[in-house]
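# Understanding the architecture of this molecule
Below, each chain spelled out in residue letters.
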Amino acid sequence: MWPHRRGVQQRGEGLLQLALEDITDEEWERDRREEVDLVFFLTRAAWPHLKASHGVVVNTASLNGLMSFKTLGSLAHTTAKAGIIAMTRQLAMEGREYRIRANSISPGVIETNQTREQLKDPDWAGPMLRKTLLGRLGRPEEVANVALFLASDESSYVTGADIVVDGGMKVW
């Protein structure tokens, strides 16, 4: 989030796949700290400015916060992303009297530096691509365009929403 009326924050993330019994306390805390705490503390710091300017919050969650995949994500990551979606809904509720809008974006599989290596693995990429109705990966600019829309006056009647940008993966 930038210190002006409308801002978009984006953070790159690794793709660790850890099951319940494999997650250490440190890994659980790291995911919570780097995903949920980051959004919370940045938003809390910006809240006075957002109240004064009737600002907009756009958070990045993940399709992992809404559904599970056999070949993607870990319990800590999935839980953190679901927490961001819930936090964003609550921010919309708490911001309503100040005309603050809060929304989140849940991307599916987007071709980035973080996913490029995994996409070379057919055992990982095959199942993911078969679940994408559009038959291709998403591009970072497709997610960015949704963020820009949500931060603009063009979405002035959208708040408390999680916008899924997944090429149709959630349909399955």
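Residues numbered from 1 in each chain as written. Predicted model: local features only at pLDDT ≥ 70, side-chain atom pairs only at ≥ 80, totals over all residues. Heavy atoms only, no water.

When you go through the chain residue by residue, the secondary structure sums to five helices and three strands. Mapped from its N terminus to its C terminus, the chain presents α and β elements in the order α-β-α-β-α-α-α-β. Here the contacts in the chain between residues at least 6 apart in sequence split such that 79% fall between residues at least 24 apart. When the accessible surface of the chain is totalled, it reaches about 9700 Å², and 57% of it is carbon and sulfur. (Helix = DSSP H or I, 4+ residues; strand = E, 2+ residues; numbered from the N terminus. Contact = heavy atoms within 4.5 Å. Areas by Shrake-Rupley, 256 points an atom, 1.4 Å probe, with all protein chains shown as cover.)

Taken across its seven residues, strand β2 (residues 101-107) has seven buried, putting it largely inside the fold. Burial along β2 is two-sided: Arg101, Asn103, Ile105 and Pro107 facing one way and Ala102, Ser104 and Ser106 facing the other are all buried. Sheet topology places strand β1 (residues 56-60) next to β2; five bridges connect them, and they run parallel. Looking across to β2, one finds that Asn59 is bridged to Ser104. (Buried < 20%, exposed > 50% of the residue type's maximum accessible area, 1.4 Å probe, protein only. Pairing = 2+ DSSP bridges.)

A rise of 1.5 Å per residue sets the reference length of helix α1 (residues 25-53), with its 29 residues, at 42 Å; its end C-alpha atoms lie 40 Å apart and thus fit the reference within 8%. By the largest-angle criterion, Trp47 marks the main kink of α1, which is about 50 degrees, and a proline, Pro48, follows within four residues. Regarding α1, the residues found buried are Asp31, Glu35, Val36, Asp37, Val39, Thr43, Ala46, Trp47, Leu50 and Ser53. Its buried side turned inward, α1 meets β1 and α2 (75-95). Immediately beyond the C-terminal end of α1, within one or two residues, lies His54, with a positive phi of roughly 55 degrees. (Expected span 1.5 Å × (residues − 1). Bend = angle between axes of the 7 residues up to and from the residue.)

What follows is about the pattern of salt bridges. Summed over all chains, the structure comprises nine salt bridges. Lys81 is the salt-bridge partner of Glu35, the closest N and O atoms lying 2.9 Å from each other. Here Glu35, found in helix α1, pairs with Lys81, found in helix α2; they are 46 residues apart in sequence, far enough to count as distant. Each of the two residues, Glu35 as well as Lys81, counts as buried. (Salt bridge = Lys/Arg side-chain N within 4 Å of Asp/Glu carboxyl O.)

The next point concerns the packing of α1 against α2. Axis separation between α1 and α2 bottoms out at 8 Å; the angle between their running directions is 15 degrees. Relative to α2, the element α1 is oriented roughly parallel. In terms of crossing hand, the pair formed by α1 and α2 is right-handed. On α2, the residues touching Trp28, Asp31, Glu35, Val36, Val39, Phe40, Thr43 and Trp47 of α1 are Leu75, Ala76, His77, Thr79, Ala80, Lys81, Ile84, Met87, Leu91, Glu94 and Gly95. For the contact of α1 with α2, the class distribution of residues is 11 nonpolar, four polar and four charged. (Axes fitted to C-alpha atoms, helices over the stretch in contact; angles between N-to-C directions. Parallel < 35°, antiparallel > 145°, perpendicular 65-115°, else oblique. Left-handed = near helix turned anticlockwise from the far one by under 90°. Nonpolar A, V, L, I, M, F, W, Y, C, P; charged D, E, K, R; others polar.)

Now for the nonpolar core. Ranked by internal contacts, the top residues of the largest apolar core, which has 15 residues, are Leu50, Val57 and Leu91. Listed by contribution, the elements that provide at least two residues to this core are α1 and α2. Element by element, the count of residues in this core is highest for α2, at six residues. (Core = buried A, V, L, I, M, F, W, Y, C linked by side-chain atoms within 4.5 Å.)

Another point: the packing of aromatic side chains. Applying the stated criterion across every chain, the model contains one aromatic pair. Note on Phe40 and Phe41: the rings are 5.0 Å apart at their centroids and 70 degrees apart in plane angle, and the pair reads as edge-to-face. On the basis of relative accessible area, Phe40 is assigned to the partly exposed category, the value being 36%. For Phe41, a relative accessible area of 43% puts it in the partly exposed group. (Phe/Tyr/Trp six-rings, centres within 6.5 Å; stacked < 30°, edge-to-face > 60°.)

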